[in-house]
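Structural overview
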Amino acid sequence: MDRMAEGAVVPELDMREPPAGSDRRAFMMRSAMAVSIGALTGCKPKDVSNIPAQAPGAKGAAAPPLDPKLDVVKRSKGPVMTTVEEFYKVGPGPSSSHTIGPMRITYDFYQRCTKLPADQLAQATALKVNLFGSLSATGKGHGTERAALAGLIGNEPATVDPAFLDGLAANPNQTFTVKLGGKDIPVSLKDIIYDAPKGDFHHPNTMTCKLLAGDKVLLEQEYYSVGGGFIEWKGYTPPKKNPPKYPYERISEVIAHCKRDNLNLAQFAMANEMAITGHSEAEVNAFLDKILGAMDATVKTGLAAPTSVLPGPIKLKTKAHDVYVSAQNQEGAARKAIALVSAYALAGSEENARGHLVITAPTGGSAGVLPAVIYSLGPAGAKMSKEKLREALLAGAIIGYLCKHNATLSAAEGGCQAEIGVASAMGAAGIAQAYGDPPQVAANAAEGALEHHLGMTCDPVAGFVQVPCIERCAFGAVKAWTGYLIATNEVPVNRRVDFDSTVDAMALTAKEMNSKYKETSEGGLAVSVTLC
């Protein structure tokens, strides 16, 4: 008999720190038992958004909570309004939050500067960018300063030449000229300043941009790179959008809409895309085709690249090409399939580590996962039609939107579970959609993939998106297929853990995760691996 039908009482979670002198292990066991009972009975904590993090500043404490005024926090209330053009972004690796976001930020600031009155621009002498929090802690390993400088001189992520960024790395002493009105302002990497890595910031990825006239500030703006290449700023007002055709905040609502109107996930997503943006189906498909083309190019380029050493102090050798060649000779369909999917993911992730153009799906750090899944569904694998591949992207986007809406996509906020975990879940749902499975199966596949990434930390060695990030993309892509295969070989209604509960668990885990494991390179592999 269903325990819920019996009116089972589920104990409330005790989120307080253990009393001084108490048995901490027993305290944690009680909390774990409460979570387990909740999972087994189908119940969950009433509202994880109200559960406080550990006290900021305490030893081993979680990071301070996000500023509730941030739009990324406000959007956790009300219907999901994200669209594919916002979600799938093309830009340089290795991190959507540390390269694409900062480049978008400095480009935005550059555009603001061009609109100042001529008399103010005539006084301008310098441009300065200060990086804080995680951007400061691991920005050097991500090439944040190069991305920020590129945006400042007028480059956008989707169109910047990766060779330009490589040139900055090879010759960091270059000086460029930014033309503002009739004034030429010299800028260089020295104008991108790594400031305080720790402090009371509104978001872990905070930066400020200033236009100066000597010591006088002509224009200053505080910005936040909130994950997945999304940006905000102090005083940010989100653009107005049309209401969705099918309002939803949870996958349970999505499934209810689909059952009522006999829709699959892709049809549901397309209806909302058209309603919110005002675009036609052909326009949405044209954008999806661009993303499919970019994903295909990323994998093919990574596979074709000869074995080499990636930039940075780790001296990590690439392996996508070698794994791909070896996979051709694998005996057994299963071994070959797993090896090929892994090679595709390694290819995309190594391109990301090189700082070449990748696709946020949902982030740069996870840029190998969904392209590998899509590639394995396409001509090189299951030979699905382009229409099916578009549908896979749409279904995956729904999963990504829900994770962004109810938890986070930022490793600086939630660890690697928010990047690889979400990407794997998106891939699992995308596979289900491509094979024509119903929304409940897609949701179960996504749940399985995300569940088995819960608690994954972000601990990049030396601050570079290489170890463990590159191989994690391969494991995430394989887990997407695993999640799908399990979901299609079970009775859907028998699954005891639903996707919504798993997203809640990710949000709660993100709040309680020690700040050392959130893209700071202060814990885990980042401190246990010794570079020689």
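Here, every reference points to the structure presented above.
Before going into details, it helps to say that this report is about the structure given with it.

1. Some remarks on the overall build of the protein chain
- In terms of helices and strands, the protein chain carries 21 helices and 9 strands.
- Taking all 532 residues of the protein chain together, the buried fraction comes to 54%.
- The contacts in the protein chain between residues at least 6 apart in sequence include a share of 77% that link residues at least 24 apart.
- As presented, the protein chain carries roughly 22,500 Å² of accessible surface, and 56% of it is formed by carbon and sulfur atoms.

2. Details of the sheet that holds strand 6 (residues 205-213)
- Spatially, 5 strands are ordered 5-2-6-7-8 in an open sheet, and the strand pairing comes out mixed. Lying at the two open borders of the sheet, with one neighbouring strand each, are strand 5 (192-194) and strand 8 (230-233). The average undirected angle you get between the axes of adjacent strands in this sheet is 25°.
- Strand direction decides the pairing type here: strand 7 (residues 216-227) and strand 8, joined by 4 bridges, are antiparallel. Residue pairing across strands places Gly-227 opposite Phe-230, the latter belonging to strand 8.
- Packing against the sheet, helix 4 (residues 96-114) makes contact with strand 2 (126-133), strand 6, strand 7 and strand 8, and its axis sits at approximately 150° to strand 7.
- Its contacts with the sheet place helix 6 (residues 134-142) against strand 2, strand 5 and strand 6, and it is angled at close to 105° to strand 2.

3. Focus on the packing of aromatic side chains
- Applying the stated criterion to the full structure yields 14 aromatic pairs.
- Between Phe-132 and Phe-201, the ring centres sit 5.6 Å apart and the planes meet at 50°, which makes this aromatic pair tilted. Here Phe-132 is found in strand 2, whereas its partner Phe-201 is found in the loop between strand 5 and strand 6, with 69 residues between them in sequence.
- The class for Phe-201 is partly exposed, based on a relative accessible area of 23%.
- Counting every residue linked through ring pairs, the aromatic cluster contains Phe-87, Tyr-88 and Tyr-401.
- Arg-112 extends its terminal NZ or CZ atom over the ring of Trp-233, reaching a point 4.8 Å from the ring centre.
- For the cation-ring pair, Lys-404 lies above Phe-230, with the distance from its terminal atom to the ring centre recorded as 4.5 Å.

4. Observations concerning the pattern of salt bridges
- For the structure on display, the rule yields 16 salt bridges.
- The salt bridge involving Lys-388 is made with Glu-391; its shortest N-O contact spans 3.9 Å. Of this pair, Lys-388 and Glu-391 both sit in helix 15 (residues 386-406), separated by 3 residues, roughly a single helical turn.
- Arg-495 is paired through a salt bridge with Glu-490; the nearest N and O atoms lie 2.9 Å apart.

5. Structural notes on a nonpolar patch on the surface
- A grouping of Leu-525, Val-529 and Leu-531 is seen on the molecular surface, where their side chains present a nonpolar patch of about 200 Å² in accessible area.
- Within the secondary structure, Leu-531 sits in the segment after helix 21 (525-528).
- A relative accessible area of 37% means that Leu-531 is categorised as partly exposed.

6. Focus on the pairing of strand 3 (residues 175-180)
- Residues Phe-176, Val-178 and Leu-180 point to one face of strand 3 and are all buried, whereas Thr-175, Thr-177 and Lys-179, pointing to the other face, are not buried.
- As paired strands, strand 3 and strand 4 (residues 183-188) are joined by 6 bridges and run antiparallel to one another. Across the sheet, the residue bridging to Phe-176 is Val-187, located in strand 4.
- Hairpin connection of strand 3 to strand 4: 2 residues between the antiparallel strands, including Gly-181 at a positive phi of 65°.

7. Focus: helix 10 (residues 265-277)
- Between its first and last C-alpha, helix 10 extends 18 Å over 13 residues, near the 18 Å set by a 1.5 Å rise per residue.
- Residues Leu-265, Ala-266, Phe-268, Ala-269, Met-270, Ala-271, Asn-272, Glu-273 and Ile-276 constitute the buried set of helix 10.
- Against helix 3 (84-87), helix 9 (251-261), helix 11 (281-304), helix 15, helix 17 (420-434) and helix 18 (439-451) lie the buried residues of helix 10.
- For helix 10, the side-chain oxygen to backbone nitrogen distance between the N-cap and Ala-266 is 3.0 Å, and the N-cap itself is Asn-264.
- In the segment just after helix 10, Gly-278 is the residue with positive phi, at about 80°.

8. Details of the environment of Glu-451
- Position of Glu-451 among the secondary structure elements: in helix 18.
- On the basis of relative accessibility, which here comes to 27%, the residue Glu-451 falls in the partly exposed class.
- Separated by 46 residues in sequence, Glu-451 and Val-497 have C-alpha atoms that sit 8.9 Å apart.
- Residues in contact with Glu-451, not counting those within four places in the same chain, are Val-497 and Thr-502.

9. With respect to helix 18
- The terminal C-alpha atoms of helix 18 lie 18 Å apart, and with 13 residues this matches the ideal 18 Å at 1.5 Å per residue to within 8%.
- Among all positions in helix 18, only Pro-439, Val-441, Ala-442, Ala-443, Asn-444, Ala-445, Ala-446, Glu-447, Gly-448, Ala-449 and Leu-450 are buried.
- As for helix 18, its buried residues are in contact with helix 9, helix 10, helix 15, helix 17, helix 19 (469-487) and helix 20 (499-512).

10. Observations concerning unusual backbone geometry
- Residue Gly-93 is joined to Pro-94 through a cis peptide bond whose omega torsion reads 10°.
- Structurally, Pro-94 is set in the loop between strand 1 (90-92) and helix 4.
- A cis amide bond, omega 5°, links Ala-361 with the succeeding residue Pro-362.
- Its location among the elements puts Pro-362 in the loop between strand 9 (357-359) and helix 14 (369-377).
- Look at Lys-315: it is not a glycine, yet its phi comes out positive at around 60°.
- Note that Lys-315 resides in the loop between helix 11 and helix 12 (320-327).

11. Some words on the environment of Met-274
- As for its position among the elements, Met-274 is in helix 10.
- Residues Met-274 and Thr-83 lie 191 residues apart in sequence; the distance between their C-alpha atoms is 9.4 Å.
- For Met-274, the residues in contact, after removing those within four places along its chain, are His-279, Ser-280, Glu-281 and Val-284.

Cut-off values and rules
Residues numbered from 1 in each chain as written. Predicted model: local features only at pLDDT ≥ 70, side-chain atom pairs only at ≥ 80, totals over all residues. Heavy atoms only, no water. Helix = DSSP H or I, 4+ residues; strand = E, 2+ residues; numbered from the N terminus. Buried < 20%, exposed > 50% of the residue type's maximum accessible area, 1.4 Å probe, protein only. Contact = heavy atoms within 4.5 Å. Areas by Shrake-Rupley, 256 points an atom, 1.4 Å probe, with all protein chains shown as cover. Pairing = 2+ DSSP bridges. Axes fitted to C-alpha atoms, helices over the stretch in contact; angles between N-to-C directions. Phe/Tyr/Trp six-rings, centres within 6.5 Å; stacked < 30°, edge-to-face > 60°. Lys NZ or Arg CZ within 6 Å of the ring centre and 35° of its normal. Salt bridge = Lys/Arg side-chain N within 4 Å of Asp/Glu carboxyl O. Patch = residues over 30% accessible without salt bridge, like charges linked within 9 Å, V, L, I, M, F, W, Y side chains within 5 Å. Expected span 1.5 Å × (residues − 1). Polar contact = N/O pair within 3.5 Å; in protein donor to acceptor, adjacent residues only side chain to side chain.

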